[in-house]
Amino acid sequence: MPTFAAIDIGSNSCRLKIAAVQMHKLKTLYEDREVTRLGESVFETGVISPEAMATTIRALKRFHKAVQAHVVDKVRVVATSATRDARNADAFAAWVKSATGWTLEVISGLEEGRLIHLGVVTLEPGARGRCMMIDLGGGSCEITHSENGRIKAMVSTPLGAVRLQQEFLHSDPASKEDLAQLDRFIHRELQRAEKKLGHVRVPLVIATSGTAAALAEAAAVLFKKAAQRTKKKTTLEADTASIRKVAGMLAKMTNAERVQVPGIGPKRSEIIVGGAFVYASLLERMELKGFRYSPLGLRDGVLAQMLAETDIRAGVHQQVEDERWNGIRELCRRYGVDPRKNEPIRAHVAQLFDGLQAVHELSPEYRLWLEAAAMMQDVGKYMNHQGHHRHTQYILANSEIYGFSPEQRATVSAIARYLGKSRPDAMDRVMRAVPVEEHTSVTRAICLLRLAVALNQDRATAAVKLHTKVYPKRVLLDLAAARGGAELEMWALRKESVYFREIFRRELVVEAV
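Starting from 1, residues in each chain are numbered consecutively following that chain's sequence as written. Selection of residues for local features in this predicted model requires a pLDDT of at least 70, selection of side-chain atom pairs for listing and counting requires 80 or more, and totals for whole chains, interfaces and linings are taken over all residues. Think of the side-chain values as coming from all heavy atoms in the structure, minus any hydrogens and water.

Student: Explain the overall build of the protein chain here, please?
Tutor: Across its full length, the protein chain carries 21 helices and 16 strands. We compute the radius of gyration from the C-alpha atoms alone; for a globule the expected value is 2.2 Å times N to the 0.38, where N is the number of residues. Here the C-alpha radius of gyration of the protein chain, 26 Å, is about what a compact globule of 513 residues would show, namely 24 Å. Oriented by its inertia axes, the alpha-carbon framework of the protein chain measures out at about 85 × 45 × 45 Å. Throughout, a residue-residue contact means that at least one pair of heavy atoms, one from each residue, lies within 4.5 Å. In the protein chain, the proportion of contacts linking residues at least 24 apart, taken out of those at least 6 apart, comes to 68%. Per-residue accessibility takes into account occlusion by the displayed protein chains alone, with areas from the Shrake-Rupley method and a 1.4 Å probe. Counting every atom, the protein chain has about 23,000 Å² of accessible surface; 50% of that belongs to carbon and sulfur. In this count, Lys and Arg are taken as positive residues and Asp and Glu as negative ones, while His and the chain termini are left out. A single reference atom marks each charge: NZ on Lys, CZ on Arg, CG on Asp, CD on Glu. Side-chain charges in the protein chain split into 74 positive and 59 negative, and the spacing between the mean points of these groups amounts to 2 Å. In this description a helix means any DSSP run of H or I spanning at least four residues, a strand means any run of E spanning at least two, and both kinds are numbered starting from the N terminus.

Laid out in structure tokens, this is it:
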């Protein structure tokens, strides 16, 4: 069975997790972590410093040796807040590629939150009920309202521990003026978050960051509250009142004093104050009783996503598929498209994909990309009916769609782009965003979707029934209309036959039965 590696390049630290697939589940083989403070210079100057880059590259080279030692089949490297904000992110990505051969994927705050949520609901007991998830990293804080394992609402805020330390806390210990300014900033960002999340009442809050672990352990020791123990593991929990007290105590201490606090340590003492104030304010403002710490995080979500895309029998596969289709439906709703109108096109393109597998030879994931493009092909009409395919491509490529990476969105948007008179060209801006090795596949997918659109010319009648037959030199499409004729569809398909012959080197024959 395959072995996966997930690498999370955060604003404060880099993490590696290697897992093997066993019985449709992930079994952890190896973990590593290095504090690199990649975001320290970004939040001050807007660029990643050469020193921070070098420190991170050294950690990644060590991770690379571990990946090779475990004979990993697939590696995914994601970067978060600091790299998102850095003006020289491209230079850093190039250095990563040169040093390790890995392609760095810079993910958005919402995608970061989605992956964290995926990892937690897949592996954390109790996370499939109503709960709030909080991940406070070095550069951002993702807050997610989850219900029955599904995201109800999510917001990404610039309330990361390293970012707050760099921007507000300039003395040791912090001055009253600095703390007051920090409080005002946190209050403003949480006010914005509340507008998106609404007034949430949940029985469970799960915190997944190292800051949460440090605060919970410090509160347990300082206030003599023992961690709950079960037969399998120890659960770290902290109530809101304790977190507020810990935050106040830490703010009055020097860094040397904070190092001595149990659970804090030298690697977190410099940035703990800002994170403590965020947790205290967030819990109080949203009237939450406290949180339970989970060691799961972004890397676990990345691994879960890789498992879902590889093993359709894995439990997480359906979770990812549901997220994707929820994202597709949400985008359609946002741009005034009724998904039911494009459902016949989606069904036909899926049928064509399955029936013409020997002709198009596309990899299995293209079935989803085609179905997604079919459902969202009309979103560009929100901007203008004229040239709406161009607008559709822009919206799909630049929108946040749960479950789709930027590269996958580029592929789907390219497929949806060429449904009018234009044809794909390798020098087009749209196609340049797609990896060169995928150009042939994307062109074949476009041809299939054009056939599906042609099969749905007369929306006033029921969708035609389709039967495909593949011969060595031709493809036969038999059409049967439920009521009325299929003359418009046959005319449209015959127009597409020239392009079909150009792409697949076979004749397209259309007959009515």
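Past the structure itself, the notes keep going.
Student: Explain the packing of aromatic side chains here, please?
Tutor: Each pair of aromatic rings is reported with the distance of its centres and the angle of its planes. Aromatic contacts are taken between Phe, Tyr and Trp rings whose centres are within 6.5 Å, Trp giving its six-membered ring; a plane angle under 30 degrees counts as stacked, one over 60 as edge-to-face, and the others as tilted. Enumeration according to the criterion identifies 5 aromatic pairs in this entry. With 5.8 Å between their ring centres and 55° between their planes, W369 and F404 make a pair best called tilted. Residue W369 is found in helix α16 (residues 365-376), and its partner F404 is found in the loop between α17 (388-398) and α18 (406-417); the two are separated by 35 residues along the sequence. Whether a residue is buried, partly exposed or exposed follows from its accessible area with a 1.4 Å probe, protein chains only, as a fraction of its type maximum: under 20%, in between, or over 50%, in that order. Since its relative accessible area comes to 7%, W369 is described here as buried. For F404, a relative accessible area of 2% translates into the label buried. Between F500 and F504 the ring centres are 4.9 Å apart and the planes differ by 50°, which places this aromatic pair in the tilted class. Of this pair, F500 and F504 are both found in helix α21 (residues 487-504), 4 residues apart, which corresponds to roughly one turn of the helix. Each member of the pair F500 and F504 is classed as buried. Positioned over the ring face of Y418 is R417, at 5.1 Å from the centre of the ring. We count a charge as sitting over a ring when the NZ of a lysine or the CZ of an arginine lies within 6 Å of the ring centre and within 35 degrees of the ring normal.

Student: Any chance you could explain the confidence of the model for the protein chain here in plain terms?
Tutor: Atomic detail in the predicted coordinates should be set aside for any region of low pLDDT. The predictor attaches a confidence to each residue, called pLDDT, with possible values from 0 through 100. Per-residue pLDDT for the protein chain averages 92, and the proportion of residues at 70 or more is 96%. Summarising per-element confidence for the protein chain, the mean pLDDT is lowest in strand β10 (residues 228-229) (46) and highest in strand β1 (residues 3-9) (98). Considering only residues more than four positions removed or in separate chains, one finds that residues 226-232, a stretch of pLDDT under 50, has 8 contacts.

Student: Whenever I open this one, the packing of helix α14 (residues 339-355) against α16 confuses me. Can you help?
Tutor: Two measures define how a pair of helices packs: the angle their axes make with one another and the distance between the axes. Every axis corresponds to a line fitted to the C-alpha atoms, with the helix fit spanning only the stretch in contact, and the corresponding angles, defined between N-to-C directions, vary from 0 to 180 degrees. As a packed pair, α14 and α16 sit with axes 8 Å apart at the nearest point and diverge in direction by 155°. Taken as axis vectors, α14 and α16 run roughly antiparallel relative to one another. For the pair α14 and α16, the crossing hand works out as right-handed. Here P339, N342, E343, I345, R346, V349, A350, F353 and D354 of α14 come into contact with α16, specifically with Y366, R367, L370, E371, A374 and M375. In what follows, roughly perpendicular refers to angles from 65 to 115 degrees, roughly parallel to angles under 35, roughly antiparallel to angles over 145, and oblique to any angle outside these ranges. Handedness of a helix crossing follows the sense of rotation of the near helix relative to the far helix, less than a right angle counterclockwise being left-handed and clockwise being right-handed.

Student: Help me out: how do you make sense of the pairing of strand β6 (residues 131-136) in this one?
Tutor: Where a strand is regular, its side chains alternate between the two sheet faces. The buried fraction of β6 amounts to 6 of the 6 residues, a majority that puts the element mostly inside the structure. Neither face of β6 is left uncovered, since the one carrying C131, M133 and D135 and the one carrying M132, I134 and L136 both have all their residues buried. For two strands to be treated as a pair, DSSP must find at least two bridges joining them. In this antiparallel pair of consecutive strands, β6 and strand β7 (residues 141-147), the connection spans 4 residues. For β6 and strand β9 (residues 204-207), the ladder comprises 4 bridges, and the chain directions are parallel. Pairing of C131 across the sheet is with L204, part of β9.

Student: Help me out: how do you make sense of unusual backbone geometry in this one?
Tutor: With glycine set apart, most residues show a phi of negative sign, and most peptide bonds adopt trans. A cis amide bond, omega 0°, links D172 with the succeeding residue P173. The residue P173 is located in the loop between α6 (161-168) and α7 (176-197) in this model. For M23, which is not a glycine, the phi torsion comes out positive at approximately 55°. If you trace the backbone, M23 turns up in the loop between β2 (13-22) and β3 (25-35).

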